[in-house]
Structure formats: structure tokens, C-alpha cells
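Working through the structure, step by step
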Amino acid sequence: MNSRAFITGVSGTDLGAEEREFIRNERPWGFILFKRNIATPEQVTQLVKELRKEAGEADAPVLIDQEGGRVQRLGPPHWPVYPPGAVFGALYDIDRALGLSAARLSARLIAADLLQLGISVDCLPLADVPVGGADAVIGNRAYGTEPDKVAAIARAVTEGLEQGGILPVLKHIPGHGRATADTHFRLPEVDTSNSELERTDFAAFQPLSDLPMAMTAHVVFSALDPAHPATTSATIIHRVIRGVIGFQGLLMSDDVSMNALSGSIGERTRAILAAGCDMVLHCNGKLDEMREVASQTPVLSGVALERARRALASRKPPQPFDRLAARAKLDALIERAGAASA
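Fair warning: this is a prediction, and the values are worked out from it, not measured in the lab.

To continue, consider the overall build of the chain. When you go through the chain residue by residue, the secondary structure sums to 12 helices and 13 strands. By the compact-globule yardstick of 20 Å for 342 residues, the chain fits well, its C-alpha radius of gyration being 19 Å. Projected onto its principal axes, the C-alpha positions of the chain cover 55 × 50 × 30 Å. Counting over 342 residues, the chain shows a buried share of 58%. A fraction of 77% describes how many contacts in the chain between residues 6 or more apart in sequence connect residues 24 or more apart. Just so you have it, the chain exposes about 13,000 Å², and 51% of that area is on carbon and sulfur atoms. For the chain, the distance from the average position of its 36 positive side-chain charges to the average position of its 41 negative side-chain charges is 3 Å.

With 17 residues, helix α5 (residues 147-163) extends 24 Å between its outermost C-alpha atoms, agreeing within 8% with the 24 Å of an ideal straight helix rising 1.5 Å per residue. Those residues of α5 not exposed but buried are Pro 147, Lys 149, Val 150, Ala 151, Ala 152, Ile 153, Ala 154, Ala 156, Val 157, Thr 158, Gly 160 and Leu 161. On its buried side, α5 packs onto α3 (85-94), α4 (96-117), β6 (121-122), β7 (167-168), α6 (194-199) and α7 (201-205). Immediately beyond the C-terminal end of α5, within one or two residues, lies Gly 165, with a positive phi of roughly 80°.

One open sheet holds the 9 strands; their spatial order is β7-β6-β3-β2-β1-β13-β12-β10-β8, and the pairing between them is parallel. If you trace the sheet from one side to the other, it starts and ends with β7 and β8 (170-173), each paired once. Note that strand β1 (residues 4-8) and strand β2 (residues 28-33) share 3 bridges and pair parallel. Bridge assignment links Thr 8 to a residue of β2, and that residue is Phe 31.

Another aspect to go through is the packing of α3 against α5. Two numbers describe how α3 lies on α5: the axes approach to 11 Å, and their chain directions differ by 110°. Classed by the angle they form, the pair α3 and α5 counts as roughly perpendicular. You can see that α3 and α5 cross each other, and the crossing is right-handed. Contacts from Phe 88, Gly 89, Tyr 92 and Asp 93 in α3 reach Lys 149, Ala 152 and Ile 153 in α5. The class makeup of the residues in the contact of α3 with α5 is 4 nonpolar, 1 polar and 2 charged.

This part covers the nonpolar core. The biggest cluster of nonpolar side chains holds 89 residues, and the ones touching the most others in it are Leu 33 and Ile 119. Of all the elements, α4 adds the most residues to this core, at 11 residues. Ignoring sequence-local partners within four residues, the contact set of Leu 33 consists of Ile 38, Val 44, Leu 47, Val 48, Leu 51, Val 62, Leu 63, Ile 64, Arg 73 and Ile 119. If you look at the next biggest cluster of nonpolar residues, it comprises 23 residues, including Phe 34, Met 213, Leu 250 and Leu 305.

A separate point is the packing of aromatic side chains. Enumeration over the complete set of coordinates arrives at 2 aromatic pairs. With a centroid separation of 6.2 Å and an interplanar angle of 70°, the aromatic rings of Phe 202 and Phe 221 are classed as edge-to-face. Of this pair, Phe 202 sits in helix α7 while Phe 221 sits in strand β11 (residues 220-221); the two residues are 19 residues apart in sequence, bridging distant segments of the chain. Residue Phe 202 shares its accessibility class with Phe 221, and that shared class is buried. Here the basic side chain of Arg 108 rests over the ring of Phe 321, its NZ or CZ set 3.9 Å away from the ring centre.

To continue, consider the state of the cysteines. Counting across every chain of the model gives 0 disulfides. Not engaged in a disulfide, the cysteine Cys 277 finds its nearest cysteine sulfur in Cys 283; these two sulfurs lie 13 Å apart. The class for Cys 277 is buried, based on a relative accessible area of 5%. Cys 123 supplies the cysteine sulfur nearest to Cys 283, a cysteine that is in no disulfide, at a spacing of 7.9 Å. Given the relative accessible area of 7%, Cys 283 is considered buried.

With that settled, consider the pairing of β1. Burial analysis of β1 places 4 of its 5 residues in the buried class, the great majority of the element. Taken together, the 3 bridges between β1 and strand β13 (residues 279-282) define a ladder with parallel strand orientation. The partner of Thr 8 across the bridge, within β13, is His 282.

Moving on, we get to the pattern of salt bridges. Counted under the stated rule, the structure contains 21 salt bridges. The shortest N-O distance in the salt bridge between Glu 54 and Arg 24 comes to 2.8 Å. Linking Glu 54 in helix α2 (residues 41-55) with Arg 24 in helix α1 (residues 17-26), this pair joins segments that are 30 residues apart in sequence. A residue is classified by how much of its surface remains accessible, and Glu 54, at 9% relative accessible area, is buried. Between Lys 171 and Asp 65 there is a salt bridge, with the nearest N and O atoms lying 2.7 Å from each other. With a gap of 106 residues between them, Lys 171 in strand β8 and Asp 65 in the loop between β3 (62-64) and β4 (66-68) connect regions that are remote in the sequence. Accessibility assignment for this pair places Lys 171 and Asp 65 in one class, buried.

Procedures and definitions
Every chain's residues receive numbers from 1 upward, in the order its sequence appears when written. Where local features are concerned, this predicted model is filtered to residues with pLDDT of at least 70; where side-chain atom pairs are given and counted, the filter is 80 or more; whole-chain, interface and lining totals use all residues. To get the side-chain values, all heavy atoms of the structure are used, and hydrogens and water are removed first. Segments assigned H or I by DSSP are reported as helices when at least four residues long, segments assigned E as strands when at least two residues long, and all are numbered from the N terminus. Here the globule rule reads 2.2 Å times residues to the power 0.38, and the radius of gyration is calculated from C-alpha atoms. Burial status follows relative accessibility: with a 1.4 Å probe on protein chains alone, a residue under 20% of its type maximum counts as buried, one over 50% as exposed, and anything between as partly exposed. Contact criterion: two residues are considered in contact whenever any of their non-hydrogen atoms come within 4.5 Å of each other. We get accessible surface area from the Shrake-Rupley algorithm with a probe of 1.4 Å; when it comes to residues, only the shown protein chains can shield them. Here the positive residues are Lys and Arg and the negative ones are Asp and Glu; neither His nor the chain ends is included. To locate a charge, take atom NZ for lysine, CZ for arginine, CG for aspartate or CD for glutamate. What a helix should span is 1.5 Å times the count of its residues minus one. Here a strand pair is declared whenever DSSP counts at least two bridges between the two strands. Here, axes are lines fitted to C-alpha atoms. For helices the fit covers the stretch in contact, and angles between N-to-C directions go from 0 to 180 degrees. Angle categories are assigned with fixed cut-offs, so that under 35 degrees is roughly parallel, over 145 is roughly antiparallel, 65 to 115 is roughly perpendicular, and the rest are oblique. Each crossing is labelled by how the near helix is turned from the far one, with a counterclockwise turn of less than a right angle marking it left-handed and a clockwise turn marking it right-handed. The nonpolar class holds Ala, Val, Leu, Ile, Met, Phe, Trp, Tyr, Cys and Pro. Asp, Glu, Lys and Arg form the charged class, and all remaining residues, Gly among them, are polar. Throughout, nonpolar core names a set of buried Ala, Val, Leu, Ile, Met, Phe, Trp, Tyr and Cys residues whose side chains join them through atoms within 4.5 Å. For this analysis, a ring pair means two rings from Phe, Tyr or Trp (six-membered ring only for Trp) whose centres lie within 6.5 Å, classed as stacked if their planes differ by under 30 degrees, edge-to-face if by over 60, and tilted for the remaining angles. In this analysis the charged atom, NZ for Lys or CZ for Arg, is taken to sit over a ring once it is within 6 Å of the ring centre and within 35 degrees of the ring normal. Cysteine sulfurs are considered disulfide-paired once they come within 2.5 Å of each other. Here, a salt bridge means any side-chain nitrogen of Lys or Arg that lies within 4 Å of a carboxyl oxygen of Asp or Glu.

Fair warning: the whole summary comes from geometry, so function is off the table for now.
Structure follows, in C-alpha cells:
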């Protein structure tokens, strides 16, 4: 594998000549799809094939954010609507087993959708623990406000994805729930004490430290590193993510083009890698930025390469699955949650 340590988006529903040349020459490790890349099942399947063909890697990871609720890149009329994470939390409060079952079922159904398209990675589950007064960017995407509950539901979601042959990406490590701003637009700062962060935010991620991949949070934790968000903080990556939380899988940044980060795209890329992330994620499909990321990104090697190989090798074959029965059961559970909260 001679891939570079970045994951890239593309601009539209098919590849232009310059994008093809860029992928062939720069060899990104993987790709990520957004709504702008989605039209029909046939089109998405073909785009995924073309991305892998140009990359020269038959198993090049293709990622998507398919959570359900507000964050769902695949949707009607070709794909069903899935519930936001808070629905599983509401069911969990009624009956723990039912909440976990619904979370697992939803993820298993999502996995079936992705597998048909050739998409191999879902940026899910979330282990963010929201607090009162935080920005709504997480909101009902979260599974709850108690770390053990969040971790349990996140584990069930992971199981559903893995049973369907899809690799999970844990996000947003070490926690986005306290952020008072949407990192797409500006950088939030959390001034909570380290002891409280360990008791709440970090505690939700610790039981999930065995997941193959995780995505960082563009959030400043002033008690740990007042100068840098987690994504570009060597202190947080080494002391908290690799240390306190114990995550040893492939660590990718959140989108390098978000306004929470400062400096040029090239400067951000260098800072992400220097801090200890294994992989830079670039999402917006702007070719000039893609070139800047690639120019500052090395070929995968050493520990980062080993983590990348380990992540891909952890992908499991899909298990037998009755899709119609699973959907009917999930709908019944969602209806129960709605009735209980009415």
C-alpha cells in the first residue's frame, strides 16, 4: 500500500478528468461521500467503483456519515429514513434491552444499505455526552447524557454495523458534547476541569477503545491544552486519547477544512499530523484544497500504516439478515418510544 495519509471527498456525482488524475497521482488512503455525491443507487455504486479503480486499491475505504436523523447522506426516495440517536436513548430508559436492540437493528439496516453500494465505512457511533447549554450541533444525535448509557448504545450500534460488514468510526474523540459552537463555523473552548472530563466525556469513550478507527473533535479543552483543539494537540492525543481513553486504533482528524481550525489548509494538515493523528480528513471536494492537503501529507508508514492495515483487516463478512423483518421490528420499537414520550 503506497497510499498517502489522507481521506478525500470529491465534488459531484461522477469524477472529472482532473479529479481522476489527482487520485491516480496522489493516492489517498480513502474517500468520503456527501449528499452532493448521491443521486441513485446505480450512480453511487458506479462512483465507488471508479474511486477504487483510480486509487488502484480494490479495498480502498469509502466512508459516509450515515447516522440517521439530521445526519443522513442517503435518504428518500431511494433509501429509508433512520431515527436519530436520542430515540435509542429514550427506549433504553424504558427498557435497556429494547434500547440496545433498536440501536443494533438500525445500524444493521444502515449497514445493509451501505454494503449494496460498495461503501465500507460508516462514521458512527457517537460517544459524545451533551450537557445543558451546549451547541445543538450534537443535540439529538447523542444517545444520552450518562457516559455508561452512551457507551452501551454506541457498542450496540458498532455491533450492528460490524454484523453487516461495515467498519465503524468512533466520534468525536475525546468528546464534542460540551462544545458551545458548531465547529463547522468556529472553534469552541471547553473550560471544564480534567477530573470532570475524565468522569463524563472521556468515560464514554473508554469502553469503546477497541474500535478500529476514531475521529477527533475540533474542540479546545483548556484544562489540558489551552492553545490547541484536540485535533492538533499532541498533549490531548497522547495523554488523553491514547492514554486515559486507551484508544490504539487509526486516528483520523475531523474535516481539516472546518472553520474551527486556523491557518492555511497546508498548515492545518501539518499540524494535524505533527500532533499525532494518523490520517487527515478533507471533505469539501475543492480540488485546490485537496492538492494542498496531498502536498503536505506523507505516504502512510510505520505505526500509522500498521493501524490502517489493522483497521481494514478487522472488517467482518456480513451475517445472514432478514431485512424486512428487521425493519418492521425497528419501526415497532420506534413507535413504542414515541408513545412513551408523548
